[in-house]
Amino acid sequence: MDKPFAPSARAPINVLVADANPRRAKALSDTLRADSSLHVQSVPVGMSLIDAVHQYYPDVVLVDMARADRDALDSVRALSAPALERPIALFVDEDDVNLMETAFDTGVCSYNVLDAPPDDVKPLLRAAIALYARFQRTRAELNAAQQEIEERKIIDQAKKLFMKNEKTNEMQAYRWFRGRAMQTSQRIVTIAMQYLAAQQKSDSP
Amino acid sequence: MTRPFRIGLLRLSDSAPVMIAHNTGFFAQYGLETELVVSPSWANIADGLVWKTLDAAIMFAPLAMMTSLGRRGHMSALKPLKTLSYGGNTVILRGNNPFTGLWPAGEEGREVFEKWRATIGRRPKLSVVHMYSTHFLILKRFLLSIGVNMEHDVEIQVMPPPDIIQALIEGAVDGGCVGPPWGTEACLRGLAFLAGGSETVMPHHIEKQLVVPETVYGNQHTCHALVRALEDAMIPLHAPENRRAIAHDLSRSLEKKGLNLPQEATFRTLSGDKIAEKTYYARSSGETENVTWMLDDMLGLDWINKKEHDALKAEWTIPVSGVPSTKVEVLK
């Protein structure tokens, strides 16, 4: 992991990580903790985001957009003054639209005390984006793997049925499905599904 | 690579027109391949429009206006394209109603409030669905009508509409102003009672609109398709015999193209009764929308200044379907 944050002589930045996914929250916190200029805390499970902000006085809050309670942060500025001693607002870098679009697309955003300089915030947001993107990829890979397992099950089922119906061995059954797939430019799993569906139909009275 | 046209919405029964237009294939019929993005909160909807993860969304005007003014960060012009519904917001309060039915205005209402507050035993915590919501404005007016000061007499919290049920169960809130069907659901579950709402405070006020970013607004073909499809979707909503079926469809899981809404409560919002504010779905008419009351309130709250007030009024006083008719005719 390369170190994204320049060491700083200033007071540490208080970062609050608000992530509904505990594994990702831990991964993000660990990443940020590698920088000694950051003081990182996580919103405890069951605590509302606004309560956590009251309690921890963060300079920057990295928020998982799936958290429905981020709307409470959205309102801090409009709520009556005593709501928060240090008002925070959604971070927007007007000069870096690309970064902002990527952030919202990956599902993470940042809220900050109003006087936080962008130089402090952007590296944090970038680190969060990278991590969220990694989790997204992992999930996409997991989905793909699961789909493949599902497809293999279907093909196996169709093969077994074919073997029984046609009194063939597994290799012959497989060749038949593969042959059909090549002839019709379809995937083997599609042929297998069609075969199963057709069998089901002819089985029903 | 083209992706489908993404429309953002929340789990609310007044999302029905967009659900119907999508599920029944009305959007597709007008050549628009749509994808519905059921979002966890209003902030997500607003950010989605600003940062281009959404192409359109169901929204209430104050949030769209404040987003357009850059009050939520990046300034990004949002335009009202079509009005979807009027009214439907409920003011619900925890426990038992110390009064029979909806609360009266004035002194009498204040007395009822005091009786209720005594049973709560703290400064009441009331929730709204977003700061910049019609719900906030409705609640403020409701409290004002019974002489209760929103800033001093109660504590305002913000939470997305479906969350109010759990918050009431846990005692985290004592009530609030919430959209359909969640207030009615809280009443059906015996968690709260209906004290007032849209009908009491501002009958038939404009509630949900289909809002699009300026770039989409400039595309006549897309706007035309959206408006026509939504007009078609209003037809089944206006036929009382469809109410059961619509409530049933909306109660399905998200995977089954529903919104996972409580069915009975949803059904009641379609007709309205003593625990449900009726949602009025838009009809095509030549009338223009009245947003003056909310702009006046927003001015009073210092959310906007007089100049912004007047500019927004000009921009948001639109026909029920916001695409100027000449544009539609050009397209045929």
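Since the structure is predicted, the reported quantities are computational estimates derived from the model, not experimental observations. (Residues numbered from 1 in each chain as written. Chains lettered and ligands numbered in written order. Predicted model: local features only at pLDDT ≥ 70, side-chain atom pairs only at ≥ 80, totals over all residues. Heavy atoms only, no water.)

Caption draft 1: The overall build of chain B, seen in detail. If you tally the helices and strands in chain B, you get 16 helices and 12 strands. Evaluated residue by residue, chain B yields a buried proportion of 60% over its 332 residues. Looking at chain B alone, contacts between residues at least 24 apart form 77% of all its contacts between residues at least 6 apart. Total accessible area on chain B stands at roughly 12900 Å², and carbon and sulfur atoms take up 51% of it. With 34 positive and 36 negative side-chain charges, chain B shows a separation of 3 Å between the mean positions of the two kinds. (Helix = DSSP H or I, 4+ residues; strand = E, 2+ residues; numbered from the N terminus. Buried < 20%, exposed > 50% of the residue type's maximum accessible area, 1.4 Å probe, protein only. Contact = heavy atoms within 4.5 Å. Areas by Shrake-Rupley, 256 points an atom, 1.4 Å probe, with all protein chains shown as cover. Lys, Arg positive; Asp, Glu negative; His and termini not counted. Charge placed at Lys NZ, Arg CZ, Asp CG, Glu CD.)

Caption draft 2: Seen up close, the packing of helix H12 (residues 243-251) of chain B against helix H13 (residues 263-271) of chain B. Residue and element names in this part refer to chain B. Two elements in contact, H12 and H13, have axes separated by 8 Å at closest approach and are oriented at 135°. By the angle between their axes, H12 is oblique relative to H13. Between H12 and H13 lies a crossing whose hand is right-handed. Contact with H12, carried on its side by Arg243, Arg244, Ile246, Ala247, His248, Leu250 and Ser251, involves Gln263, Glu264, Thr266, Phe267, Leu270 and Ser271 of H13 and no other residues of that element. The residue makeup of the contact of H12 with H13, split by class, is 5 nonpolar, 5 polar and 3 charged. (Axes fitted to C-alpha atoms, helices over the stretch in contact; angles between N-to-C directions. Parallel < 35°, antiparallel > 145°, perpendicular 65-115°, else oblique. Left-handed = near helix turned anticlockwise from the far one by under 90°. Nonpolar A, V, L, I, M, F, W, Y, C, P; charged D, E, K, R; others polar.)

Caption draft 3: The sheet that holds strand S11 (residues 208-213) of chain B, seen in detail. Residue and element names in this part refer to chain B. Spatial ordering of the open sheet is given by S2-S1-S3-S11-S4, a layout of 5 strands whose pairing is mixed. Here the strands that pair on one side only, and so sit at the sheet edges, are strand S2 (34-38) and strand S4 (78-83). Taking the axes of each pair of neighbouring strands and ignoring which way they run, one obtains an average angle of 35° across the sheet. As defined by bridge partners, S4 adjoins S11 across 5 bridges and the pair is classed as antiparallel. (Pairing = 2+ DSSP bridges.)

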